[in-house]
Amino acid sequence: MSERKHILVVEDEAHLALGIQYNLEAEGYRVTTVGDGPAALALLGSDDEAVDLLVLDLMLPGMSGYAVCETLREQGDDVPVLILSARSLAEDRTRGFDVGADQYLQKPFDLQELLARVRNLLARGRIPRAPLSTKDIGPEYRFNSAVVNFDTFKVLVDDQPVRLTYMELKLLRHFIENEGVVVTRSQLLERVWGLASSPTTRTVDNFVMRLRKVFEADPSRPRHFLSVRGAGYRFVRAGEDE
């Protein structure tokens, strides 16, 4: 019998942490709960406790979930992170992805959706932050006023450095490799995130919104990352009006 996957739940509301733990353990997972960020980082940094998935609240005492996730990524820890939060604004989701979260689920959440996301992230496992260049596009790619290096992860827009997360760069690379082709949300979820399609997830839309804010002169009127109504998105290197 294979070893049970270990999930760390970081939630300061004891009743909610207990409920999540109960339902995850009912699915056969091993679950540890802590109530604050420093305790989570200490456990994740311990050689004695391998963690396969982090379920992370944002509103934590002393140290926010954003800070926890950002610290992990700066330390080179690629553990999958699923954020659970009552924050519902697009800016909150975008910030979560900016600091390296893999998924964002709003409270109150549907239990079956939570379990589905947990299964998908565990099946995908850790994504090493390896160079993203390919023989088709090479390490450096230029479009508009942007220069993107897929080996060093360095991005310049108008000669100014811009920080992108690994997943944002991975999505950008996929768009570039499929320039001019309409790519559906389901295809992006599968090819970039390694997830099965979910009709409720807005992960792709939030990431595209972030790319537009970084690379488009006017994000409200994109010319490179174009929406195709009822289908998905299309990347155009030279720029084109929607």
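Residues numbered from 1 in each chain as written. Predicted model: local features only at pLDDT ≥ 70, side-chain atom pairs only at ≥ 80, totals over all residues. Heavy atoms only, no water.

Asker: It is not clear to me how the pattern of salt bridges should be interpreted in this structure. Could you clarify?
Answerer: Any two side chains of opposite charge can pair, on the condition that their charged atoms come close. According to the stated counting rule, one finds eight salt bridges in the structure shown. A salt bridge links Glu113 to Arg117, with the nearest nitrogen and oxygen atoms 2.7 Å apart. Of this pair, Glu113 and Arg117 both sit in helix H5 (residues 111-124), four residues apart, which is roughly one turn of that helix. No difference in accessibility class separates Glu113 from Arg117, as the two residues are buried. Arg185 is the salt-bridge partner of Asp205, the closest N and O atoms lying 2.8 Å from each other. Taken together, the residues Asp205 in helix H8 (residues 203-215) and Arg185 in helix H7 (residues 185-193) connect sequence positions 20 residues apart. (Salt bridge = Lys/Arg side-chain N within 4 Å of Asp/Glu carboxyl O. Helix = DSSP H or I, 4+ residues; strand = E, 2+ residues; numbered from the N terminus. Buried < 20%, exposed > 50% of the residue type's maximum accessible area, 1.4 Å probe, protein only.)

Asker: What am I meant to see in the packing of helix H6 (residues 166-177) against H8 here?
Answerer: A packed helix pair is summarised by two numbers, namely the angle formed by the two axes and the spacing between the axes. Two elements in contact, H6 and H8, have axes separated by 10 Å at closest approach and are oriented at 85°. Here H8 runs roughly perpendicular to H6, going by the angle between their axes. Listed contacts from H8 to Met167, Glu168, Leu171, Leu172 and Phe175 of H6 are Phe207, Val208, Arg210, Leu211 and Phe215. Within the contact of H6 with H8, the residues separate by chemical class into eight nonpolar, no polar and two charged. (Axes fitted to C-alpha atoms, helices over the stretch in contact; angles between N-to-C directions. Parallel < 35°, antiparallel > 145°, perpendicular 65-115°, else oblique. Contact = heavy atoms within 4.5 Å. Nonpolar A, V, L, I, M, F, W, Y, C, P; charged D, E, K, R; others polar.)

Asker: Explain H8 to me, please; I cannot follow it from the model alone.
Answerer: Count 3.6 residues to each turn of an α-helix, and residues three or four apart come out pointing the same way. The first and last C-alpha atoms of H8 sit 19 Å apart over 13 residues, in line with the 18 Å expected at 1.5 Å per residue. Within H8, eleven of the 13 residues are buried, which leaves the element mostly enclosed by the surrounding structure. Those residues of H8 that fall on the buried side of the exposure criterion are Thr203, Val204, Asp205, Asn206, Phe207, Val208, Arg210, Leu211, Arg212, Val214 and Phe215. (Expected span 1.5 Å × (residues − 1).)

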